[in-house]
Amino acid sequence: MASVQTDLLNGLSEEDRAGFLALGVPTRLASRQTLFRLGTEADRAYLVTRGRIALTLPLRIRGGEEEILVEETLPGETVGWSGLVPPHRFTLNAAAAIDSELLGFSRTSVLDHFAAHPAVGHTVTRNLAAVIGHRLQVFQTMWLREMQRVVEQRYS
Amino acid sequence: MVMFATILMMSLLAVAACAAAFAAATRDESHSEAQPERRVVLDPPRFFASPAGKAAETPPVPVEVLLSQIERHVRLEQVAAEAYLDLPTRESLHSRTGSPLLH
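Here we summarise the structure given alongside this text. (Residues numbered from 1 in each chain as written. Chains lettered and ligands numbered in written order. Predicted model: local features only at pLDDT ≥ 70, side-chain atom pairs only at ≥ 80, totals over all residues.)

## Observations concerning the overall build of chain B
Move 1: Secondary structure assignment for chain B yields four helices and zero strands.
Move 2: Written out in order from the N terminus, the α and β elements of chain B read α-α-α-α.
Move 3: Buried positions account for 4% of the 103 residues belonging to chain B. (Helix = DSSP H or I, 4+ residues; strand = E, 2+ residues; numbered from the N terminus. Buried ≥ 20, exposed ≤ 12 C-beta atoms within 10 Å, placed from the backbone.)

Right under this line is the structure:
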């Protein structure tokens, strides 16, 4: 597992990387198999090690409800931060786009590890903040682009 | 007697001729009735709608196609947003994509 390349572990020594990755429980998903559902309790976060995970949200179309792709996570990327961030409820649906493998990190094991290794906790938390911050900026930009189009359509 | 017979024969011939003429006339009528009825084609009632409005109607896009277009739109928008964050400028913020939903 020490060969997993992820921004989440940037700045950690090989020993610390291996120590953190050892907390992960391997999870295997077949194509289209659900990882988690919107609104359910989130007690763990995941690191994608192989395959592709599709994150979707429901959109009403012609009286029906369809799952719309919001984002895809690739090997080395994290999914399910809600497992680490209050209020610990998943805000998206996640399913394997193709056969995939992940490492699942339970919140309790991660917090216990951080308590025992504060320097690791500091580095991983900082990396996680950078990843979340970047995603926030991407979606903020996408939202603004859509708003611009709405304004052009309505008031031009 | 001969005169009576002659008049009778002439009458019979006249009746036969009339019957033949009547038969021919009725055959023509039945033939004409068998022909398809001519219909007068009228435009559908338009009330206040203009014919141009009908041309603007487009068949609904199948949901599968729509979902595919939305997915492509999201991917393209994500790439455009990433490009903006790499080099933030006013132009790149509102750059155009080839999204099928916008054309």
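Moving on from the coordinates now.
## Points about the overall build of chain A
Move 1: The number of helices and strands found in chain A is three helices and eight strands.
Move 2: In terms of principal-axis extent, the alpha carbons of chain A reach across some 60 × 30 × 30 Å.
Move 3: Counting all 156 residues of chain A, 25% fall into the buried class.
Move 4: Partitioning the contacts of chain A with sequence separation of at least 6, the portion at a separation of at least 24 is 75%. (Contact = placed C-beta atoms within 7 Å.)

## What about the nonpolar core?
All names here are of chain A.
Move 1: Of all hydrophobic cores here, the largest spans 26 residues; its most connected members are L35, Y46 and I53.
Move 2: The set of elements that each furnish at least two residues to this core consists of α1 (14-21), β2 (34-36), β3 (44-50), β4 (53-61), β7 (93-96), β8 (100-106) and α3 (118-155).
Move 3: The element contributing the most residues to this core is β3, with four residues. (Core = buried A, V, L, I, M, F, W, Y, C linked by C-beta atoms within 7 Å.)

## What to know about the sheet that holds strand β1 (residues 25-29) of chain A
Residue and element names in this part refer to chain A.
Move 1: With antiparallel pairing, four strands are arranged side by side in an open sheet as β1-β8-β3-β6. In this open sheet, the two strands that pair with only one neighbour each are β1 and β6 (78-79).
Move 2: Examined bridge by bridge, β1 and β8 share five bridges and lie antiparallel to one another. Bridged to V25 within β8 is G104. (Pairing = 2+ DSSP bridges.)

## Quick look at the pairing of β8 of chain A
Move 1: Pairing of β3 of chain A with β8 of chain A, which is carried by six bridges, proceeds in the antiparallel orientation. When the bridges of β8 of chain A are listed, L47 of chain A appears paired with L103 of chain A.

## Topic: the environment of M10 of chain B
Move 1: You can see M10 of chain B is positioned in helix α1 (residues 2-34).
Move 2: In this structure, the C-alpha to C-alpha distance between M10 of chain B and P62 of chain B, residues 52 residues apart in sequence, is 83 Å.

## Focus on the interface of chain A and chain B
Move 1: Contacts between chain A and chain B engage 13 residues on the former and 15 residues on the latter.
Move 2: Residue assignment for the side of chain A that touches chain B shows that the elements contributing at least two residues are β5 (64-73) and α3 of chain A.
Move 3: Take the side of chain A that touches chain B: its biggest share by element is seven residues, from α3 of chain A.

## Concerning the sheet that holds β5 of chain A
Move 1: Spatial ordering of the open sheet is given by β2-β7-β4-β5 (chain A), a layout of four strands whose pairing is antiparallel. Only two strands of the sheet have a single neighbouring strand rather than two, namely β2 and β5 of chain A. For this sheet the average axis-to-axis angle between neighbouring strands, irrespective of direction, equals 40°.
Move 2: As paired strands, β4 of chain A and β5 of chain A are joined by nine bridges and run antiparallel to one another. By the bridge assignment for β5 of chain A, L57 of chain A is matched with I68 of chain A.
Move 3: Against the sheet, helix α3 (residues 63-86) of chain B touches β4 and β5 of chain A, its axis set at about 30° to β5 of chain A. (Axes fitted to C-alpha atoms, helices over the stretch in contact; angles between N-to-C directions.)

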